[in-house]
Amino acid sequence: MTKLCITAPRPTCVTCDKLTNAVKHYYNDAGERIATSWRKYCGTCHNKRTAKKHGFTRISQISAKRAGLTETQYQNQFHPYLRHRKSYCENQDGRLGFTCNTVLPTPEMLTAAGLQWLPEQFLEVDHIDGNPKNNDPENLQTLCKHCHTIKGIQNGDHLTPGRKTLMNG
Ligand SMILES: [Zn+2]
Ligand SMILES: [Zn+2]
């Protein structure tokens, strides 16, 4: 599983060329590191292999199953407002003055790209009033990255105080 490695540098993954992570460092009495045991696989490959053992493609599917949640519910619980994230851009109704036509990547596309991501991770939760602390569900809307950027520009969020001064001056 792991390899004890005293002088060699951090090894690369056996199935790709990424660096692996340390499992444990060993120190002598003087506190100097004398050895390290390394994972055989990089973090990405390790997670993929673990997921595969459970019949999944992403490690978060295992954690979600253990927690009795869907994968989306599982991931969203880490962010108080992401619980309100919908699975589509709400500007499909034209609320920003134009209609969103963004097509999200499919789970198959993401797997083929080697990403352990969900399509909804390409969506963002926008605070309608611009106050990031106002997590009232009424103040939250789901936007794709394009629409979120456009809304920011409409609201002047891209103008830093310095830029505003420059433009006004
Ligand atoms: Zn790897
Ligand atoms: Zn959109």
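Quick caveat: nothing in here was measured; it's all calculated off a predicted structure. (Residues numbered from 1 in each chain as written. Chains lettered and ligands numbered in written order. Predicted model: local features only at pLDDT ≥ 70, side-chain atom pairs only at ≥ 80, totals over all residues. Heavy atoms only, no water.)

Enquirer: Explain the coordination of the zinc ion (ligand 2) to me, and be specific about the residues and the numbers.
Expert: Distances from the zinc ion (ligand 2) to its protein donors, namely C89 (SG), C100 (SG), C144 (SG) and C147 (SG), fall within the range 2.3 Å. Metal-centred angles of 103 to 121° between the 4 donor atoms at the zinc ion (ligand 2) mark the site as tetrahedral. Read N to C, the donor residues that coordinate the zinc ion (ligand 2) are spaced as C-x10-C-x43-C-x2-C. Taken together, the residues span a long stretch of sequence, with C89 in the loop between α3 (71–76) and α4 (107–112) and C147 in helix α5 (residues 145–154) at a distance of 58 residues. In this structure C147 comes out as buried when scored by relative accessible area, which is 2%. (Donors = N, O, S within 2.8 Å, 3.2 Å for Na, K, Ca; no water. Tetrahedral: all angles 85-135°; square planar, octahedral: opposite > 155°, others 65-115°. Helix = DSSP H or I, 4+ residues; strand = E, 2+ residues; numbered from the N terminus. Buried < 20%, exposed > 50% of the residue type's maximum accessible area, 1.4 Å probe, protein only.)

Enquirer: Account for the pattern of salt bridges, with residues named and values stated.
Expert: Taken as a whole, this structure holds 6 salt bridges when the rule is applied. The partner of E90 in a salt bridge is K86, with the nearest N and O atoms 3.6 Å apart. Salt-bridge contacts for E124 lead to K145; the nearest nitrogen and oxygen are separated by 3.2 Å. Of this pair, E124 sits in strand β4 (residues 123–127) while K145 sits in helix α5; the two residues are 21 residues apart in sequence, bridging distant segments of the chain. Judged by its relative accessible area of 36%, K145 is partly exposed. Shared partners join several salt bridges into a network, and the residues in it are K86, E90, D93 and R95. (Salt bridge = Lys/Arg side-chain N within 4 Å of Asp/Glu carboxyl O.)

Enquirer: Tell me about the coordination of the zinc ion (ligand 1), residues and numbers included.
Expert: The zinc ion (ligand 1) binds to the protein through C13 (SG), C16 (SG), C42 (SG) and C45 (SG); the donor distances cover 2.3 to 2.4 Å. Relative to the metal, the 4 donor atoms surrounding the zinc ion (ligand 1) lie at angles of 103 to 117°, and the coordination shape comes out tetrahedral. Spacing between the donor residues of the zinc ion (ligand 1) along their common chain follows C-x2-C-x25-C-x2-C. Taken together, the residues C13 in the loop between β1 (2–5) and β2 (22–27) and C42 in the loop between β3 (33–39) and α1 (43–53) connect sequence positions 29 residues apart. Given a relative accessible area of 4%, C13 falls into the buried group. Classification of C42 as buried rests on a relative accessible area of 1%.

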